[in-house]
Amino acid sequence: MLPDPQRFLAVSGRRIARAEGAAQVVRELSLSTVPDLADGVFVYLAEQRQDPDGPVRLLLDGLPAELGGLMGGAPPAAAPVPPGGVLAGVLRCGRARGRGQDDVEEALRELLGSAPRLPQGNRVLLAPLRAPDAVVGLAVFLRRMDREDFVADDIALADALSAQAALGVSEDTAAPQARPAAPRAPDEDRLRYVGAATRRIARGFDTDEIVLGLCRAAVPTYSDAALVYLRDPLPVGDERPAGPAVLRLRRTDRIKGPGAEGLVWPAEAVDDEQDDLDAADWSEVVPGGALAEVLRGVRPVFADDRATRVALSELVGEDSALNGWSGMHAILAPLRGRRRVTGAVVFLRRPERPAFEPADLLVAAQLATHTALGVDKAVLYSREAFIADRLQRAMLPHSLPRPTGVRLAVRYLPAAETARVGGDWYDAIPLPGSRVALVVGDVMGHSMTSAAVMGQLRTTALTLAGLDLPPQEVLHHLDEQAQRLGTDRMATCLYVVYDPVSHRITVANAGHPPPILLHPGGKTEVLAVPPGAPIGVGGIDFEAVELDAPAGATLLLYTDGLVESRLRDVWTGIEQLRERLAATAQLTGPDRPPPLEALCDEVLDMLGPGDRDDDIALLAARFDGIAPSDVAYWTLEPEVGSPGRARRLTRQALAGWGLEELSDTAELLVSEIVTNAVRHASRPISLRLLRTDVLRCEVGDDVPQLPRLRRASPEEENGRGLFLVNRLARRWGTTRLGTGKIVWFELTGTP
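Residues numbered from 1 in each chain as written. Predicted model: local features only at pLDDT ≥ 70, side-chain atom pairs only at ≥ 80, totals over all residues. Heavy atoms only, no water.

## A word on the confidence of the model for the protein
Here is step 1: Looking at the protein, pLDDT values average 81 and 85% of them are 70 or higher.
Here is step 2: Per-residue pLDDT stays below 50 along residues 259-275; that stretch engages in 37 contacts with residues further than four places along the chain or on separate chains. (pLDDT = per-residue confidence, 0-100. Contact = heavy atoms within 4.5 Å.)

Right under this line is the structure:
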């Protein structure tokens, strides 16, 4: 199956529409379909007869040299068509048919005889060139044995192109006095009109744009009014809708101004600003009904018989004034996509205008085919974009942590509808020692693959952060992981570690836009960090720099979608962002930083209508820090007396902070954790207390094994320490370091 059938059909249709003469039409049909749709094509054209009732013969119109090897012999130059034969039945059917159908095999024998050797399987298509009045020829499409069989989508494309070719051949072979007058755009004949109209339809990106393109192309050049009904809901891919099909009116269009009154109501009821025609908003397709039969027939039909008029009435409503349009002034055209009918379109002409002609059915078929394929593509893309967007959002953090000494705010915006799926991500990861890692990254590309790679890199970054590796080492391992995922998997990433105790940040960059720091006094600064190469390039050393992060400062991390677009380059956007931050800070004054959430909203307000080419991730961090007076730190030797010393130091520190009510619980838990560390450690043990809105205690040792919570049996003397920590602490946890581990717990108020 072709990756973009609608584009292929539009390009091939234009080539055929531009051809002049039957020979050129046949040549363009072959050149436009080989090798994308088929490996070979040959065409038989109907012999022009003096006697209309005489026998029909098909004459071979040229044969490409390469088909000799593909067929194992040349086809006959002429083939009679017996009136009662299988080949005549296939031609009368007027639809492209694959070799998988029984009558096609017999029709091939009647056409080619037994000499040519054809590829096995469903690698042969018969596509009649059916003009409005008669069959004007037959196209045979072939594929080699090393290529897959023709599928339903390929057959639909062959059918549409054959109909286009039939229109060109019939225009060339018709007698001058009998040639129908084609509807003309300015200085264009019917073929050129079809080419221009299908191009307009193909430009549509979503369903509404495609339907609008059909209406604008049809009215007023082809018809005076058009109504487009689509299935609700539209089926996606191989879905088989449950229950009866419902067609819902998606758009109507009509000519306006003098002479348009008769299309809807009397003259006084016509509003030139209103496109709505007098038609039902929805219609249920009753199985076995007249409308169902017309839709099953696939081909456009005139409303010139009772069955078609009943079908039109079922579609637009029994009470609709449009039921008065019948005969050759109304065409009902099913919209058949790749696998099923997805809707219907009605073309109408006023009684005083020349009626549609038989050749106009081919025009309607082309318009309907392009529209149906476009709707199919739009629905599939919308579903893929929806799934990728949901996938991407599911892989982003559902909420941000609340680490000590820093406040966080985040915004994520998908790209505009034309490139909705992206690979931006953000994260805030608590680290040992009350530190926090701030991460923003951007996978290159806009696809489901980009979203999947983003999820893999984010998971890798979370794992590496848990090992407490330096920022440059994290980027190095991310680079290796991206190379393992594929040679074309590239991303940018900014990794920042903030230490609220030292009031410092460590920054490493992999080709990402630099962060911007808003100082407490309102000054803004684009931080000078080494740019680095994107993740996935390989063989690059990443550098880390350490910078001051004063209390009250705000760090802004973002992806390039915020600062780069078709209307501005990235550095211009960075400067505009810096100026926007400075202007926002002036609104609250130098002594009061702007609220974090409001700051994010102000930043996003800088986006203009043409600035949504990419998705946007924005992470803002307000550094509050931890004052030195709120930190107590000691080093203990791994000896028997250390737990007692730890209890005394804890009691003294809490008394100095006025937290005597927590003293008993804190001493008990500190004693249990330090005792466990003394039992296994071989190097000095660290003990740190931090006072913020909670009391946090951290005990570090050089043993990498993490303790596990378990219930000790009555006979055991050990194993109850973590059970006590779990029962009495507000929160607790363990973190593995490169040189050991940290066990921590938090207490607040009355435990």
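## Describing unusual backbone geometry
Here is step 1: Val-34 connects to Pro-35 through a cis peptide bond whose omega is 5°.
Here is step 2: Within the element layout of this structure, Pro-35 appears in the loop between helix H2 (22-33) and strand E1 (40-46).
Here is step 3: Asp-232 connects to Pro-233 through a cis peptide bond whose omega is 0°.
Here is step 4: As for its position among the elements, Pro-233 is in the loop between strand E7 (225-231) and strand E8 (246-254).
Here is step 5: Backbone geometry places Asp-468, a non-glycine residue, at a positive phi of 60°.
Here is step 6: By relative accessible area, Asp-468 is classed as partly exposed at 22%.
Here is step 7: Located in the positive-phi region is His-503, a residue other than glycine, with phi close to 55°.
Here is step 8: Secondary-structure assignment places His-503 in the loop between strand E16 (491-499) and strand E17 (504-510). (Helix = DSSP H or I, 4+ residues; strand = E, 2+ residues; numbered from the N terminus. Buried < 20%, exposed > 50% of the residue type's maximum accessible area, 1.4 Å probe, protein only.)

## Digging into the packing of aromatic side chains
Here is step 1: Scanning the model with the defined rule gives five aromatic pairs in all.
Here is step 2: Ring centres of Tyr-222 and Phe-347 lie 5.2 Å apart, and the angle between their planes is 85°; on these two criteria the pair is classed as edge-to-face. Taken together, the residues Tyr-222 in the loop between helix H8 (207-218) and E7 and Phe-347 in strand E12 (residues 341-348) connect sequence positions 125 residues apart.
Here is step 3: For Tyr-222, a relative accessible area of 0% puts it in the buried group.
Here is step 4: Arranged with centres 4.2 Å apart and planes meeting at 20°, the rings of Tyr-498 and Phe-623 form a pair that is stacked. With Tyr-498 in strand E16 and Phe-623 in strand E22 (residues 616-623), this pair connects stretches of sequence that are 125 residues apart.
Here is step 5: Residue class for Tyr-498 comes out buried when judged on its relative accessible area of 0%.
Here is step 6: Here Phe-623 falls in the buried class, since its relative accessible area comes to 0%.
Here is step 7: By the ring-pair criterion, three or more aromatic residues cluster together here, those being Tyr-193, Tyr-222, Phe-347 and Phe-356.
Here is step 8: Here the guanidinium or amino end of Arg-349 rests over the ring plane of Tyr-222, the centre of that ring lying 5.8 Å away.
Here is step 9: The ring of Trp-744 has Arg-696 lying over it, and the distance from NZ or CZ to the ring centre is 4.3 Å. (Phe/Tyr/Trp six-rings, centres within 6.5 Å; stacked < 30°, edge-to-face > 60°. Lys NZ or Arg CZ within 6 Å of the ring centre and 35° of its normal.)

## Things to note about the environment of Arg-458
Here is step 1: In this fold, Arg-458 is placed in helix H12 (residues 448-466).
Here is step 2: Since its relative accessible area comes to 14%, Arg-458 is described here as buried.
Here is step 3: Setting aside residues no more than four positions away along its own chain, Arg-458 makes contact with Met-395, Leu-396, Pro-397, Trp-425, Tyr-426 and Asp-427.

## Topic: empty space enclosed by the protein
Here is step 1: What the rule picks out here adds up to four cavities of 30 Å³ or more.
Here is step 2: Estimated volume of the largest cavity: approximately 230 Å³.
Here is step 3: Contributing to the lining of the largest cavity are 17 residues, with Arg-95, Asp-159, Val-298, Ala-365 and Thr-369 lying nearest its centre.
Here is step 4: Elements with a minimum of two residues in the lining of the largest cavity: helix H6 (152-173), strand E11 (327-336) and helix H11 (358-395).
Here is step 5: Looking at which element gives the most residues to the lining of the largest cavity, the answer is H11, with five residues. (1 Å grid on protein atoms, 1.4 Å probe; cavity = no way out; pocket = protein on both sides within 12 Å on 5 of 7 lines; lining within 4 Å. Points joined across faces, edges and corners; volume = space filled by probe spheres on them.)

## Quick look at the sheet that holds E11
Here is step 1: Taken together, six strands build an open sheet; the order of strands is E9-E8-E7-E12-E11-E10 and the sheet is antiparallel. Each of the sheet's edge strands pairs with one partner strand only, and the pair in question is strand E9 (282-284) and strand E10 (301-303). When the angles between neighbouring strand axes are averaged without regard to direction, this sheet yields 25°.
Here is step 2: Bridge analysis of E11 against E12 gives seven bridges, and the strand direction is antiparallel. Counted as the bridge partner of Arg-336 is Val-341 from E12.
Here is step 3: Relative to the sheet, H11 contacts E10, E11 and E12, its axis offset from that of E11 by approximately 30°. (Pairing = 2+ DSSP bridges. Axes fitted to C-alpha atoms, helices over the stretch in contact; angles between N-to-C directions.)

## As for a positive patch on the surface
Here is step 1: A grouping of Arg-18, Arg-199, Arg-200 and Arg-203 is seen on the molecular surface, where their side chains present a positively charged patch.
Here is step 2: By the secondary structure assignment, Arg-200 is in helix H7 (residues 190-202). (Patch = residues over 30% accessible without salt bridge, like charges linked within 9 Å, V, L, I, M, F, W, Y side chains within 5 Å. Areas by Shrake-Rupley, 256 points an atom, 1.4 Å probe, with all protein chains shown as cover. Salt bridge = Lys/Arg side-chain N within 4 Å of Asp/Glu carboxyl O. Lys, Arg positive; Asp, Glu negative; His and termini not counted. Charge placed at Lys NZ, Arg CZ, Asp CG, Glu CD.)

## As for the layout of surface pockets
Here is step 1: Quantified by volume, the second largest pocket comes out at close to 520 Å³.
Here is step 2: Arg-402, Pro-403, Thr-404, Arg-731 and Glu-746 are, among the 28 residues lining the second largest pocket, the residues nearest its centre.
Here is step 3: Mapped by element, the contributors of at least two residues to the lining of the second largest pocket are strand E13 (406-413), strand E14 (424-430), H12, strand E26 (731-737) and strand E27 (740-747).
Here is step 4: Residue composition of the lining of the second largest pocket, grouped by class: eleven nonpolar, eight polar and nine charged. (Nonpolar A, V, L, I, M, F, W, Y, C, P; charged D, E, K, R; others polar.)

## Digging into the packing of H12 against helix H13 (residues 471-485)
Here is step 1: Packing of H12 against H13 leaves a shortest axis separation of 10 Å and a crossing angle of 145°. The interaxial crossing formed by H12 with H13 has right-handed handedness. Residues Val-453, Gln-456, Leu-457, Thr-460, Ala-461 and Leu-464 of H12 pack against Val-474, His-477, Leu-478, Gln-481, Ala-482 and Leu-485 of H13. (Left-handed = near helix turned anticlockwise from the far one by under 90°.)

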